[in-house]
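Architecture and fold: a report
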Amino acid sequence: MNISFFENSTVPSQTNRVLGHEGTSLAWFVFSILCSIIGTALLLLLLLASFRVKRLRSGSSILVVHLMLIELIICGVTFPIFLITTHTGLTGVHVQVNCQVFMYFFLTTIHTEYWASLVLAVNRFFALVLPHHHRKLLSKTGLIIMILIPWIVGLGVTLPLYFGIGGRFILRTSPFESCAFMSQTSGYGIGLAFLGAYLPIGLIGLIYAVLGVRWLVGSCSKRFVAVQVVAAVGPAAAPSQGNVAAKTRRVLLLRMLVVTYLWHCLCFLPPPILISSFPGLVVSHPKLVSLWLFKTMLLCGYVVSPFIFLALNVDYQKGVQNLLNIGCGAVHESRGRPFTQNATT
């Protein structure tokens, strides 16, 4: 994702304009921090539910847990730092952070999340199209490889920027102090956006489109074949309930991931496309671009993901309900326990 901001010399006349709207800046900061807190809390809740429910911490669900851990780092660590340092710069206070180290870690987690989502999409493709090969992916070695690949790519793709190749990490001073990433419009600057974001996003969309078409064609043909088999042989030839339940869970997990992917596209793709199409927005609306489009809108992409997981996955719903019931039971038990005073003095 190209999260570059304007050069220091681009909008020097905008400094007073941005710093003069303290109320608007404070509203942006409060809203964004609340989004970060809500997303972090729900991700922690889903992770706790995953560790309690065996089905949510085994097989392909391990990759979902890995994805949620990355999003937890983004919502609970990198974005709060990003928001706090930006708000500090908006108030005119010098930003006390090593922007080169922080932005490298920030972009690495962003790119790693994209590639972790791609690994999950590939895993779903094998589960639905090549189930026999999918068993090899679920081995201990296969899962370790699928967890390491996103981090290797994320660290490797972003590493050249740390040394000034294809762009650089800076402390931007105009229109306010903030850590920023400035990419080059040629060479590795273009390759970074392609390898880090657009390539995995495009491949994920292609995989889900193929699976969608295959599911539509397969559902129609299987329905016709099932009717013919039951009519000729009898109900005993119908698929077992266990196989039907397993396939249903796979389809439901795919649906959850597809909806999450569409939401990510809605939050991640419009800002760079909008700025590329209308570069004058950077000068005319610097706060809209740097605060709302490239920070809050990007953050919302990760904050809403756990809500989608919870809304579309029955296992997560049961796991969270179990956690809440345990918590409520513990509270009622402690309240109902009689108070005994220590007899010793």
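Before going into details, it helps to say that this report is about the structure given with it.

How each quantity is defined
Residues numbered from 1 in each chain as written. Predicted model: local features only at pLDDT ≥ 70, side-chain atom pairs only at ≥ 80, totals over all residues. Heavy atoms only, no water. Disulfide = S-S within 2.5 Å. Helix = DSSP H or I, 4+ residues; strand = E, 2+ residues; numbered from the N terminus. Buried < 20%, exposed > 50% of the residue type's maximum accessible area, 1.4 Å probe, protein only. Axes fitted to C-alpha atoms, helices over the stretch in contact; angles between N-to-C directions. Parallel < 35°, antiparallel > 145°, perpendicular 65-115°, else oblique. Left-handed = near helix turned anticlockwise from the far one by under 90°. Contact = heavy atoms within 4.5 Å. Nonpolar A, V, L, I, M, F, W, Y, C, P; charged D, E, K, R; others polar. Expected span 1.5 Å × (residues − 1). Polar contact = N/O pair within 3.5 Å; in protein donor to acceptor, adjacent residues only side chain to side chain.

Some details on the state of the cysteines
Evaluation of the coordinates by the stated rule reveals one disulfide. Paired through a disulfide, C99 and C179 show a sulfur-sulfur distance of 2.0 Å. Residues C99 and C179 are joined through a disulfide that is left-handed, its torsion about the S-S bond being -70 degrees. Residue C99 is found in helix α4 (residues 99-129), and its partner C179 is found in strand β2 (residues 178-183); the two are separated by 80 residues along the sequence. Here C35 stays unpaired: no disulfide links it, and the sulfur of C300, its closest cysteine neighbor, is 4.5 Å away. There is no disulfide at C267, and the cysteine sulfur nearest it, in C300, is 6.1 Å away. Here C267 falls in the buried class, since its relative accessible area comes to 5%.

Here we look at the packing of helix α3 (residues 61-90) against helix α11 (residues 286-303)
When two helices pack together, their arrangement is given by the angle between their axes and by how far apart the axes lie. For the pair α3 and α11, the least separation of the axes is 10 Å and the interaxial angle reads 160 degrees. Here α3 lies roughly antiparallel to α11, going by the angle between them. Judged by the twist between their axes, the crossing of α3 over α11 is left-handed. Contacts between α3 and α11 pair E71, I74, C75, F79, F82, L83, T86 and L90 from the former with L291, K295, L298, L299, Y302 and V303 from the latter. A breakdown of the residues in the contact of α3 with α11 according to their chemical character gives 11 nonpolar, one polar and two charged.

So, α4
The end-to-end C-alpha distance of α4 is 45 Å, a good match for the 45 Å that 31 residues give at a rise of 1.5 Å each. The backbone nitrogen of Q100 lies 3.2 Å from a side-chain oxygen of the residue at the head of α4, namely N98.

Describing the side chain of N313
Its place among the elements puts N313 in the loop between α12 (305-312) and α13 (314-336). For N313, the side chain forms a polar contact with the main-chain nitrogen of Y316, separated by 3.2 Å.

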